[in-house]
Amino acid sequence: MGAGFGGLTVATQLVRRGHDVMVLEARDRIGGRVDNARFSSGELVEQGGQWVFPNHDRMLELIDEAAAATMPANPGKLLVVQQGDVWAVEQSPDEHSHRTPFAAADLGQGVLRLRRLAERTVSDPAWAGANTAWLDQPMERWLTANLRTPSAQRDLRGALRAVVHGPLSDTTLGDVLTHVRAGVDMENLIATNGDIGQVRLVDGVLQLAERMAAQLEGRVRLSTPVVTIDQEDDAVVVVTSEGEQIRARTAVLSVPPWLAKDLVWAPQLDPWRYETVQKTPAGAIIKCHMLFEPPWWRDAGLSGQMAADDGPVRVTFDTSDPASERGILMGFFEGAEAATLTKFSASMRERVFRDALVTVFGEQAATPLEYLDHDWGADPFTKGSHGAHFAPGLWSVTGQQLGARFGRVHFAGAEYASKFNGYMEGAVRSGTDTAAQVVMQLHGQ
Ligand SMILES: Cc1cc2nc3c(=O)[nH]c(=O)nc-3n(C[C@H](O)[C@H](O)[C@H](O)COP(=O)(O)OP(=O)(O)OC[C@H]3O[C@@H](n4cnc5c(N)ncnc54)[C@H](O)[C@@H]3O)c2cc1C
């Protein structure tokens, strides 16, 4: 169930091993949180997952297999906005002209402490076990207690916000350490210098999911939401919204965990699973694109990328085709901003987005050709973002078992991944692990 990267990975791997598979997808398209849209003049935008990072090995393998063409980040200076001041920064890993030496040292020490703690939670489980209460403290408290300068606190808060998609008071130190261990590159997040080395695909990353769906040769059924999962002694029976019953020896639910609790389960899911999911905020994100002609920022030597410490839009990127005479600036409303702006119309959001661009880039941003956004929180088959995070106290108690199978039902997807949780890479890795577990179950192990 679910034809995102997670579900498609499970299905293709099981088919390769000779199993009889059917994928039931609620939407009338595959891809889940990866989707394309076009401006009326034809320019492609990616509404969800887009960037593949240098250490996302499984995604890089899929790119290689598909021989898909990639594009690096655009050249040019980045704009860094702090407390209302705007700096144009060269794309160089060492460029941090807006920080005082004391703030830079403070920030560096904070990052080092986080890294060491993350390593210790793995290398010294006895220490982690003895300190669960301390690890469950709100991340915001740890941050203000361990970094001394407001500027370093702001920088680290901004970088971590990009990981947890919500206020640090709602997430725990332990949860953040899980992200740090899982491969989040703290230095690059903080650098805001464009040197992250991420790539995007010409024609979008959706093509990789489409390629997997093509390998499934008609085994994907679209517009088939599952509403009920019944388990019998020797089978799983899933019921679709049309009342059709489908019987299988085993099932994999590859939908975001917070949607699993909306299904009707018989027997009922373990109470701890409801509890865990209910206390795991799904985050909120609205991805926005604005089309301009010409792409005036390029003439000014800017990359189109900016990072701000405040305001409704904290990051932007130029996601245009470099060969096009039109340019696209992409940005996000995240967390509290997304939760507020979801209540407004798209034209109101357009004004907020445009005004935010004008504040940073100047009056040239005031006259876009067109605006497009996608509100993932309002999307009934996502109802969240890619930033689920565990509430204080949860990860250490039940969080780590969330992906354990429930009878004949297995779970897969980005939020179940132990590495690169919340990313396409995590979805593919989790799908691979789950396919292996299914095979073991089918072979009675
Ligand atoms: C705005 C945004 C930007 C992102 N940017 C990046 C990025 O740059 N790089 C990156 O690596 N990741 C990024 N991500 C995260 C990435 O897109 C996801 O982690 C990944 O695509 C999740 O895959 P999945 O298969 O686990 O879940 P999903 O893609 O959510 O797939 C779940 C599928 O289940 C289906 N479904 C739901 N309910 C039912 C039901 N009842 N019955 C049947 N089917 C159902 C859904 O329709 C969906 O197709 C981004 C996400 C968002 C929202």
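Residues numbered from 1 in each chain as written. Predicted model: local features only at pLDDT ≥ 70, side-chain atom pairs only at ≥ 80, totals over all residues. Heavy atoms only, no water.

Asks: Can you walk me through the sheet that holds strand β10 (residues 236-240) in this structure?
Replies: Where strands meet in a sheet, backbone hydrogen bonds hold them as pairs that are either parallel or antiparallel. Here we have 4 strands laid out as an open sheet, ordered β11-β10-β9-β13, and mixed in their pairing. Only two strands of the sheet have a single neighbouring strand rather than two, namely β11 (245-248) and β13 (264-266). Across this sheet, the average inter-strand angle for adjacent strands is 15 degrees, counted without regard to direction. (Pairing = 2+ DSSP bridges. Helix = DSSP H or I, 4+ residues; strand = E, 2+ residues; numbered from the N terminus. Axes fitted to C-alpha atoms, helices over the stretch in contact; angles between N-to-C directions.)

Asks: Whenever I open this one, the site of the ligand confuses me. Can you help?
Replies: Neighbouring the ligand are 36 residues, the closest being G6, E25, R33, W51 and A414. Contacts to the ligand include F5, whose backbone N or O atom sits 3.2 Å from an oxygen atom. The backbone of A26 places a nitrogen or oxygen atom 3.2 Å from a nitrogen atom of the ligand. Looking at the shell around the ligand, the elements with two or more residues in it are α1 (5-16), β14 (285-292) and α16 (424-442). Counting contributing residues per domain, the shell around the ligand is built from domain 1 (5-34 + 205-281 + 389-442) and domain 2 (38-50 + 71-77 + 197-202 + 283-378), each supplying no fewer than three. (Near = heavy atom within 4 Å. Polar contact = N/O pair within 3.5 Å; in protein donor to acceptor, adjacent residues only side chain to side chain. Domains from an automatic or database assignment.)

Asks: Can you walk me through empty space enclosed by the protein in this structure?
Replies: With a probe scaled to a water molecule rolled over the atoms, the places where space remains empty come into view. Applying the stated rule across the entire model yields 4 cavities of 30 Å³ or more. In this structure, the largest cavity occupies an estimated 80 Å³ of space. Mapped by element, the contributors of at least two residues to the lining of the largest cavity are α11 (257-260) and α12 (271-278). No other element matches α12, which puts 3 residues into the lining of the largest cavity. (1 Å grid on protein atoms, 1.4 Å probe; cavity = no way out; pocket = protein on both sides within 12 Å on 5 of 7 lines; lining within 4 Å. Points joined across faces, edges and corners; volume = space filled by probe spheres on them.)

Asks: So what exactly am I meant to see when it comes to the domain arrangement of the protein here?
Replies: Often, the extent of an interface is quoted as the loss of accessible area upon association of its parts. Here the protein is partitioned into domain 1 (5-34 + 205-281 + 389-442), domain 2 (38-50 + 71-77 + 197-202 + 283-378) and domain 3 (100-187). For domain 2 and domain 3, the distance between their C-alpha centroids amounts to 29 Å.

Asks: Even after reading the chapter, I still don't get the UniProt feature "binding site: substrate" (unreviewed entry) in the protein, so can you show me in this structure?
Replies: The sites that UniProt annotates as "binding site: substrate" (unreviewed entry) are F332. Following the sequence through the fold, F332 ends up in strand β17 (residues 327-334). Ignoring any residue separated from it by four or fewer positions in sequence, one finds F332 in contact with I285, I286, K287, P312, V313, R314 and V315. (UniProt positions renumbered as here; feature names shortened; annotations may be inferred. Contact = heavy atoms within 4.5 Å.)

Asks: How should the nonpolar core be read in this particular structure?
Replies: A general tendency of soluble globular proteins is for nonpolar side chains to be buried together. By size, the foremost hydrophobic cluster in this structure holds 36 residues, and its most contacted members are F5, L8, M59, V205 and L208. Within the residue set of this core, elements represented by two or more residues are α1, α2 (57-66), β7 (199-201), α10 (206-215) and α16. Setting aside residues no more than four positions away along its own chain, M59 makes contact with F5, V52, V205, L208, M424, E425 and V428. (Core = buried A, V, L, I, M, F, W, Y, C linked by side-chain atoms within 4.5 Å. Buried < 20%, exposed > 50% of the residue type's maximum accessible area, 1.4 Å probe, protein only.)

Asks: Teacher, can you tell me more about the side chain of D375 here?
Replies: Locating D375 in the fold gives a position in strand β18 (residues 370-375). The side chain of D375 is buried and forms no salt bridge, while R349, the nearest opposite charge, is found at 4.3 Å. At 3.2 Å, the side chain of D375 forms a polar contact with the backbone nitrogen of G377. When residues no more than four places from it in sequence are discounted, the contact partners of D375 are I285, I286, T342 and R349. (Lys, Arg positive; Asp, Glu negative; His and termini not counted. Salt bridge = Lys/Arg side-chain N within 4 Å of Asp/Glu carboxyl O.)

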